[in-house]
Amino acid sequence: MAVYNYDVVVLGSGPAGEVAALNAVKAGRKVAVVDDRPLLGGNCTHLGTIPSKALRHAVRQIMQYNTNPLFRQIGEPRTFSFPDVLKSAERVIEKQVSSRTGYFARNRVDTFFGTASFSDEHTIQVICRNGMQETLVAQNIIIATGSRPYHPADIDFTHPRVYDSDTILTINHTPRRLIIYGAGVIGCEYASIFSGLGVLVDLINNRDQLLSFLDDEISDALSYHLRNSNVLIRHNEEYERIEGLDDGVILHLKSGKKIKADALLWCNGRTGNTDRLGLETIGLKANARGQIEVDEHYRTGVSNIYAAGDVIGWPSLASAAYDQGRSAAGSMVENGSWRFVDDVPTGIYTIPEISSIGKTEAELTQARVPYEVGKAFFKGMARAQIAVEPVGMLKILFHRETLQLLGVHCFGYQASEIVHIGQAIMNQKGEANTLKYFINTTFNFPTMAEAYRVAAFDGLNRLF
Ligand SMILES: Cc1cc2nc3c(=O)[nH]c(=O)nc-3n(C[C@H](O)[C@H](O)[C@H](O)COP(=O)(O)OP(=O)(O)OC[C@H]3O[C@@H](n4cnc5c(N)ncnc54)[C@H](O)[C@@H]3O)c2cc1C
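Residues numbered from 1 in each chain as written. Predicted model: local features only at pLDDT ≥ 70, side-chain atom pairs only at ≥ 80, totals over all residues. Heavy atoms only, no water.

(A) Up close: the sheet that holds strand β14 (residues 263-266). Strand order in this open sheet of five strands is β7-β14-β8-β9-β10, and the pairing throughout is parallel. Across the chains shown, the open sheet's two edge strands, defined by having one partner strand only, are β7 (162-164) and β10 (231-234). Across the sheet, the mean angle from the axis of one strand to that of its neighbour is 20 degrees, orientation sign disregarded. Pairing of β7 with β14, which is carried by three bridges, proceeds in the parallel orientation. Bridge pairing in β14 links Y163 to L265. Running over the sheet, helix α6 (residues 185-196) touches β8 (177-181), β9 (200-204), β10 and β14 and is turned about 170 degrees from β9. Across the sheet, helix α7 (residues 216-228) is in contact with β9 and β10; its angle to β10 comes to roughly 135 degrees. (Pairing = 2+ DSSP bridges. Helix = DSSP H or I, 4+ residues; strand = E, 2+ residues; numbered from the N terminus. Axes fitted to C-alpha atoms, helices over the stretch in contact; angles between N-to-C directions. Contact = heavy atoms within 4.5 Å.)

(B) Examining the sheet that holds strand β11 (residues 239-244) more closely. Across the sheet, which stays open at both edges, the three strands sit in the order β11-β12-β13 with antiparallel pairing between neighbours. Because the sheet does not close on itself, it has two edges, and the strands there are β11 and β13 (258-261). Averaged over neighbouring strand pairs, the angle between their axes works out to 15 degrees when direction is ignored. In the sheet, strand β12 (residues 249-253) pairs with β13 via four bridges, with the strands oriented antiparallel. Note on β13: the bridge partner recorded for L251 is I259.

(C) Looking closely at the pairing of β12. With respect to burial, β12 is a largely interior element, five of its five residues being buried. Residues V249, L251 and L253 of β12 are buried on one face, and the alternating residues I250 and H252, pointing to the opposite face, are buried as well. Relative to β12, β11 runs antiparallel, the two sharing five bridges. Bridged to G244 within β12 is V249. The turn joining β11 and β12, which pair antiparallel and follow one another in sequence, is formed by four residues. What sits between the antiparallel neighbours β12 and β13 is a turn of four residues, in which G256 has the positive phi angle 100 degrees. (Buried < 20%, exposed > 50% of the residue type's maximum accessible area, 1.4 Å probe, protein only.)

Everything listed is a geometric property; what it means functionally is a separate question.
As structure tokens, then:
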């Protein structure tokens, strides 16, 4: 057993851990990263963001091939299996691992592959994958161990037809009918992916609306398009029990309904990866969801230990985890790179894609803000017509007196890219945050960004 000394040890090599390690190295610290997987990249690369986005992209391409009249000259529409599209995701994962491994190597970050736990507030024990044990001693430690699907005790996840968002990536066939339990972001994204492959999906929602944090109009649009793709959405339902059979799964709902399908995908909640860290040894306690509390500097209750990413809870997004990891290391090394991450855009890769930033109409109405609305429908825009992507809309909410942008809500082609233009203007100080930017600035044509100009004129036309 060897003992290694570092300035900083980072637990977890996902987005939060990677950027924390790189920021600490740039500040001249000697850094090591520990991950229990044999490859770098974290759950983000291997199980979450990357595979799901790559799957979605492949399914969109299949849908385009099957619906675009141009391709009908080549032949009949084709069906593809889930394992087929999974192969294209695997290729992206490999490339991501290779890029990320390069970042660690180039920056001389040492890597240890094994399960980490605390012996005291400066010492980490690593049980390596080869059975060896290593001891890492560090001045500072950053916990970036991420999260995993939440497993209620009364559901048998060892049943071969019961999957979660990790194990669904091992399915070796395409179910004909699939129950997705949980209609949060992950549930809705997988509903889009499977329905895009022609699978009949029952999407079970515990609430009365899909993704109720979204602007109502966008949530309604998502419901419409999912239903249009054969997804049966069942609101206000809760499971009583899940019965695994040899030939399927039966979902028994508290409402008395029973639904049978070939498989069930559980997408209801996540839990922080803190159970193997031995937090009790250092006097830290995770909450009921396995998450660790931090202050605005990403410092935990132990002054030399920081935490970032999914393990600290909201918003549990890779986008935020990158900034949180950088900020945690920034607070620690005091190199001016700290920023408390509290303003995160929403990017949801359903079909259609959704993205938003700022207030919704309901929030502004509730707060009695005199706002106005400007809209651009993609079906009328040249770039969307060229791309054969008529579904979608950009909606800008702005103050009717100051013309300040208050919210940007978008669904359809490139929504998660489009939103950043609105975000940039919204983040300007004082009078620089103005709807007028979009009419006083020449945008490339034809582009999806042109939607801002169209929506701005639409909004201004409503003023009197
Ligand atoms: C299906 C799905 C789709 C998603 N899509 C998006 C999206 O489109 N956009 C977005 O922004 N976010 C998305 N997310 C969320 C995103 O994946 C997470 O927010 C992100 O991975 C969190 O990064 P992290 O650095 O906190 O940790 P993770 O990526 O979870 O990595 C943590 C690493 O630490 C390791 N680890 C855990 N415990 C230990 C231990 N004791 N010792 C050593 N190593 C340990 C883990 O094995 C893992 O490798 C998605 C998530 C899922 C599940």
